[in-house]
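Okay, here's what each chain looks like letter by letter:
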Amino acid sequence: MISNLDQAKCTGCGICFKTCPLDVFRLDTGQEDISPCMGACPAGTDIREVHYLLQQTKFRAALDKLRETMPFPAVTGRVCPHSCESDCARAGHDAAVNINALEEFLGTMDLRQDAVPAPRRHIFNVAVVGSGPAGLSAAWFLTCEGYPVTVFEAASRPGGMLRYGIPAYRLPQDIVDRYIDRLEVMGVAFRCGTRVGEDAGISLNDLKKQGFRAVVLAPGAGRSRPLPLRLPDGGSGIYSGLSFLAAARDAEKPPVAGKRVLVIGGGDVAIDAAITARRNGAREVDMVCLENREDMPAFAHNIADAEQHGIVMRNGWGPVDIRRENGVYRIDFTACVGLSDGSGRFAPRFDETRRLELDADMLIGAIGQSVDAASLAAGLELNAQGCIKADPLTLATSLEHVFAAGDAVSGPASVVRAIRAGHEAALSVHQDLMGITVGLNRQRTRNVTERLPKRNIPPAERQERTPACGDCAGLRTGFDLEQALAESRRCLTCGSRAYVTYPDECMTCFGCELRCPAEAIDVHPFKERLPRTLDMMEGEPR
């Protein structure tokens with residue numbers, strides 16, 4: 001019989017719950033202090049609760065919990081940079097939990113779910129401008145709240161950067177299509193080929209006249225920054241990073257087979273373009289960027305993927321001249337010795353005595369994206385970077401009943417940050433239309449727990465996704481059921497609290513007491529004498 005479970009010592013690692021042969025324990029994950037992984041998640045996903053539900057094989061409940069903040073888990077499970085794993089307490093013992101792979105596993109389950117229409121609870125129509133991750137997220141949460149939503153998209157098909165900016169080897173197009181189809185079944189209307197702006201067919205005033213009571217602006221950052229070079233006239237084979245990735249999605253893909261490709265830039269778009277060129281048959285692919293390897297803006301796991309594809313990284317060089325000779329581009333570079341001035345402003349410095357010349361059949365410039373927000377609406381305030389100026393909490397703009405989310409506000413960022421922004425914009429629209437003070441009860445912060453499992457944690461090997469074969473579409477294959485369960489049980493559910501659920505089931509095996517890393521459990525050695533019986537009444541007549 002368990003005589004005591006000291007809550008002051010318990011760190012919620014769940015070892016008692018996982019090892020008890022008679023299923024005596026449960027965990028309470030709904031604590032005030034959040035886990036480190038949740039604190040690091042841009043979307044604020046309760047990863048601790050998701051993993052605890054997986055540990056109990058409650059797959060549908062785990063998926064429902066995940067979709068409270070991640071409406072497209074099959075997308076984010078493939079493209080999220082998983083910053084949560086950097087703060088995982090398990091990393092201090094052996095290796096971080098593979099949170100991203102578990103999300104992809106649940107995302108695969110999500111794709112098998114049937115879509116159902118969302119109940120209509122409000123009469124106020126809401127317009128969403130842009131169908132990238134921020135726009136789709138806003139549409140999802142507004143529709144779930146019961147609003148009729150119409151999404152306006154300038155391109156011929158919805159999806160934004162998910163469709164045109166992320167290569168198929170990372171995010172297959174059919175996944176984007178299936179989520180678009182689901183949104184349509186839920187009740188979202190898409191009007192593609194329709195650009196919204198002062199110089200376009202529909203303005204914000206036109207939307208108001210059509211009965212839209214609120215607008216979410218989420219046009220993204222789809223304009224590529226030009227290379228600081230005078231490009232030769234009449235030359236073919238020069239692309240921006242985004243135009244190359246979009247073209248690679250078409251049936252008539254850019255002719256890269258057997259060619260030498262040079263990519264200028266060190267961010268994730270540059271990485272995607274380089275890997276896409278390589279996977280489409282390029283003979284050689286070089287990446288050249290101003291930054292040193294440690295300072296590259298691309299995520300480390302994407303850089304590692306590029307190196308595994310044989311892409312040559314040339315760090316610390318900036319282009320100064322380009323010319324075309326005999327059908328070949330020759331690009332001159334000079335060494336970059338610094339990226340900023342004394343005030344931290346971006347101002348690269350070069351050593352003109354150190355030069356590099358490279359030849360290429362195809363040139364891809366991917367040095368960043370910018371926002372085309374100036375023409376959206378008269379009176380819409382922009383910041384110094386040309387992005388939409390929005391309240392950091394509510395995402396309200398300078399225009400009444402108009403909110404903005406995603407890269408158009410923050411500048412180029414990750415998909416998961418855009419999804420979080422879309423969620424916040426949807427909450428603001430709801431409060432606005434309900435007559436509630438926008439931002440009410442939205443500033444509540446939660447502390448990350450400091451009571452982490454720190455000692456005597458049994459080792460458990462991290463499960464990894466299997467690298468895909470050379471002919472496969474993706475980089476790696478997702479978890480099967482056995483891998484997902486094994487990896488979820490590695491989670492230490494930091495900050496939870498264990499409690500005894502079925503005390504009468506305890507058979508005094510001492511396993512929980514011996515295994516508890518926090519020494520929080522005390523098992524009474526004489527279970528059979530604990531019930532009050534006549535034999536236990538000392539001094540009383542028998």
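Okay, so let's go over this structure. Note that the structure is predicted; figures quoted are calculated from it, not measured. (Residues numbered from 1 in each chain as written. Predicted model: local features only at pLDDT ≥ 70, side-chain atom pairs only at ≥ 80, totals over all residues. Heavy atoms only, no water.)

A short note on the overall build of the chain
Here is the rule we go by: To qualify as a helix, a DSSP run of H or I must reach at least 4 residues; to qualify as a strand, a run of E must reach at least 2; elements of each kind are numbered from the N terminus. Per-residue accessibility, obtained with a 1.4 Å probe over protein chains only, is compared with the maximum for each type, and a residue is labelled buried under 20%, exposed over 50%, and partly exposed between these values. Residue contacts are counted whenever heavy atoms from the two residues lie within 4.5 Å of one another. Note on areas: Shrake-Rupley with a 1.4 Å probe; residue coverage comes only from the protein chains shown. Note on charges: Lys and Arg go in the positive column, Asp and Glu in the negative column, and His and the chain ends are not counted at all. In this description, the location of a charge corresponds to atom NZ of lysine, CZ of arginine, CG of aspartate or CD of glutamate.
Scanning the chain from N- to C-terminus turns up 17 helices and 21 strands. Dimensions of the chain, computed from the C-alpha atoms along their principal axes, are close to 110 × 60 × 50 Å. When the 542 residues of the chain are sorted by exposure, 52% land in the buried category. In the chain, the share of contacts with a sequence separation of at least 24, taken over all contacts with a separation of at least 6, comes to 70%. By element, 49% of the accessible surface of the chain is carried by carbon and sulfur atoms, the whole surface being about 25200 Å². Looking at the chain, you have 62 positive and 69 negative side-chain charges, and the mean spots of the two groups are 1 Å apart.

Remarks on the state of the cysteines
Stated precisely, the cut-off is as follows: To count as a disulfide, a pair of cysteine sulfur atoms needs to be within 2.5 Å.
One pass over the structure, following the stated rule, counts zero disulfides. Free cysteine: Cys289, not disulfide-bonded; nearest cysteine sulfur from Cys336 at 9.2 Å. For Cys289, a relative accessible area of 6% translates into the label buried. Cysteine Cys506 is unpaired, with the sulfur of Cys512 as its nearest cysteine sulfur at 6.1 Å. For Cys506, a relative accessible area of 7% gives the class buried.

Quick look at the nonpolar core
Inclusion rule: What is meant by a nonpolar core is a set of buried Ala, Val, Leu, Ile, Met, Phe, Trp, Tyr and Cys residues, joined one to another through side-chain atoms within 4.5 Å.
If you look at the biggest cluster of nonpolar residues, it comprises 44 residues, and the most contacted ones within it are Phe72, Val75, Leu142, Leu162, Leu171, Leu183 and Val429. Mapped onto this core, the elements with two or more residues apiece are helix H5 (73-79), strand S3 (125-129), helix H7 (133-144), strand S4 (149-153), helix H9 (173-186), strand S6 (212-217) and helix H15 (415-433). Per element, the largest residue contribution to this core is eight residues, and it comes from H15. When sequence neighbours within four positions are dropped, the list of residues in contact with Leu142 reads Val126, Tyr147, Val149, Val216, Ala426 and Val429. By size, the runner-up hydrophobic cluster in this structure holds 28 residues, among which are Val256, Ala273, Met362 and Ala366.

A few points about helix H12 (residues 268-279)
Selection criterion: What a helix is expected to span follows from its residue count: subtract one and scale by 1.5 Å.
End to end, H12 covers 16 Å across 12 residues, agreeing with the expected 16 Å (1.5 Å per residue, within 8%). With respect to burial, H12 is a largely interior element, nine of its 12 residues being buried. Of all the residues in H12, the buried ones are Val269, Ala270, Ile271, Asp272, Ala273, Ala274, Ile275, Thr276 and Ala277. Residue Gly281 follows H12 closely and has a positive phi angle near 105°.

Digging into the sheet that holds strand S10 (residues 284-289)
Stated formally: Only strands that DSSP links by at least two bridges are regarded as paired with each other. Simply put, an axis is a line fit to the C-alpha atoms, just over the touching stretch for a helix, and the angle between two N-to-C directions goes from 0 to 180 degrees.
The strand order across the open sheet formed by five strands is S8-S15-S9-S10-S11, and the pairing between neighbours is parallel. Looking at the sheet topology across the chains shown, the edges are occupied by strand S8 (238-240) and strand S11 (312-315). In this sheet, adjacent strand axes meet at a mean angle of 20° when their direction is disregarded. Direction of pairing for strand S9 (residues 260-264) relative to S10: parallel, over a ladder of five bridges.

Observations concerning H15
End to end, H15 covers 27 Å across 19 residues, agreeing with the expected 27 Å (1.5 Å per residue, within 8%). Remark: Gly435 follows H15 within two positions and exhibits a positive phi of approximately 80°.

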